[in-house]
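Observations on chain architecture
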Amino acid sequence: MNDRLSPEGLRYAQAVARTGSFSAAAREYDVTQPALSNAIRRLEKILGARLFERNTRGARPTIFGATILPRIDAALAALDAITAEARHWRAGEPRPVRIGVSPLISADVVARAHSAVAGLPGRGRGSLVLREADLSELRTALDDDELDLIVVPAVLPLTRYRHRVIGSEPVVLVEPGAGDAAGPVNSASPTDPTRAADPANSADPVGSADSVGSADPASPAEARAAAARIDDVARRTLLLVPDTCGLTTFTRDLLADRGLPLRAYSGEAASYRVLEDWAGMGLGSALLPRSKVTRVDSSVRPVVDARGAAVTIAYEAAWDGASPVAGELEALAELLVS
């Protein structure tokens, strides 16, 4: 084993292990799949055994790979720490911590970030700069070193970065109120009263509030509502927002992972409040994190899977392991864990 290990090959192997796919790892690093495959093949030749088994469903570590990959993670973390410490040494006075957040992130997470930064050694309340933006803008800003850390719903491929889940919250189904006798219209314009009502959107109580399991305590109205199973959600016409904040991606993935269709309303809401308003008008139903439900008169049901467990949306923090303040950012991510 005289050849040197390539950091590039190690990072590619790490990405494949995290994504379970050679093609996903190649997209993450913006290289062709053959280039990534060849780099991993050279790494396997140096190590003397295969790291991954490939099949139609993707890639998974071999027994050898399962042993070696944690050491690859540790080696890359050590390399990133060397770079980060060198940058930190050259940086002089610490700059403010720049955090980007998706509009989907609840205010309490942002408040925790503010308090957490102020509590870091050598920092104060003036040490935080916040930016709220769509996912693509946040990702680009992180790539371009315009942000130090982003807090986003866990729907982005972030294998190039250090990241950890900081919390989650239950997802609820906002649906037409019981007083809407006509029910929601199916993929119709709000101004088109001639379209027939969608029977799939009629209330169909499933399960019970007790099936939400260990989720946070529900609101009084939600506690009285029966839970909605995922297959029940798939039968409804769903109202969506532009696919920029992560909510629409979450909704699509939630149904697709279970082989269920998405019946989307033909229009598009501009905000979470508009989703609630349109649901109240009878245009369809919507999935929302519980913290984004603001109307006291919204008809809300907790969403559960086939086993009766609460469906949740996860949030994660991501940062560059080679950042000059990588140590602070890792400590900050720990403080953000709810």
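Our subject is the structure listed above.
Residues numbered from 1 in each chain as written. Predicted model: local features only at pLDDT ≥ 70, side-chain atom pairs only at ≥ 80, totals over all residues. Heavy atoms only, no water.

**Things to note about the overall build of the protein**
Definition in use: Only DSSP runs of H or I with at least four residues qualify as helices, and only runs of E with at least two residues qualify as strands; both kinds are numbered from the N terminus onward. Each residue is assigned to one of three classes by its accessible area relative to the maximum for its type, calculated with a 1.4 Å probe on protein chains only: buried under 20%, partly exposed between the two thresholds, exposed over 50%. Contact between two residues is taken to exist if any of their heavy atoms lie within 4.5 Å; hydrogens are not considered. Each accessible area is a Shrake-Rupley estimate made with a 1.4 Å probe; only the visible protein chains count as cover when residues are assessed.
Each helix and strand counted, the protein has 11 helices and 12 strands in total. A total of 338 residues make up the protein; the buried ones form 44% of that total. Considering only contacts in the protein between residues 6 or more positions apart, those separated by 24 or more positions represent 73%. Element-wise, carbon and sulfur atoms account for 52% of the exposed surface of the protein, whose accessible area totals about 16700 Å².

**A look at empty space enclosed by the protein**
Put simply, the rule reads: Cavities and pockets are defined on a 1 Å grid built over the protein atoms alone: a cavity is a set of grid points where a 1.4 Å probe fits but cannot escape, while a pocket is an open set with protein on both sides within 12 Å along at least five of seven lines, and lining residues are those with an atom within 4 Å of any such point. Grid points are joined across faces, edges and corners, and a volume is the space filled by probe spheres set on the points. Residues are sorted three ways: Asp, Glu, Lys and Arg are charged, Ala, Val, Leu, Ile, Met, Phe, Trp, Tyr, Cys and Pro are nonpolar, and all the rest, Gly among them, are polar.
According to the stated counting rule, one finds two cavities of 30 Å³ or more in the structure shown. By volume, the largest cavity is sized at about 50 Å³. Lining the largest cavity we find L238, L239, L240, V241, L247, T251, L275, A286 and L287. The set of elements that each furnish at least two residues to the lining of the largest cavity consists of α9 (247–256) and β10 (286–289). Across the lining of the largest cavity, the residue classes break down as eight nonpolar, one polar and no charged. Taken as a whole, the second largest cavity encloses approximately 40 Å³ of empty space.

**A closer look at the environment of G20**
Turning to its location among the elements, G20 is positioned in the loop between α1 (7–19) and α2 (22–29). With near-sequence residues (within four places) excluded, G20 lies in contact with A15, R57, G58 and A59.

**Considering the packing of α2 against helix α3 (residues 33–47)**
Just so we agree on the cut-off: In this analysis an axis means a line fitted to C-alpha atoms, helices contributing only their contacting stretch, and an angle means the value between N-to-C directions, from 0 to 180 degrees. These descriptions rest on fixed angle ranges, namely under 35 degrees for roughly parallel, over 145 for roughly antiparallel, 65 to 115 for roughly perpendicular, and the rest for oblique.
Between α2 and α3, the shortest axis-to-axis distance is 9 Å and the interhelical angle comes to 105 degrees. Here α3 runs roughly perpendicular to α2, going by the angle between their axes. Residues F22, S23, A25 and A26 of α2 touch α3, and the partners they reach there are Q33, L36, S37 and I40. In the contact of α2 with α3, the residues fall into five nonpolar, three polar and no charged.

Just geometry here; none of it tells us what the structure is for.
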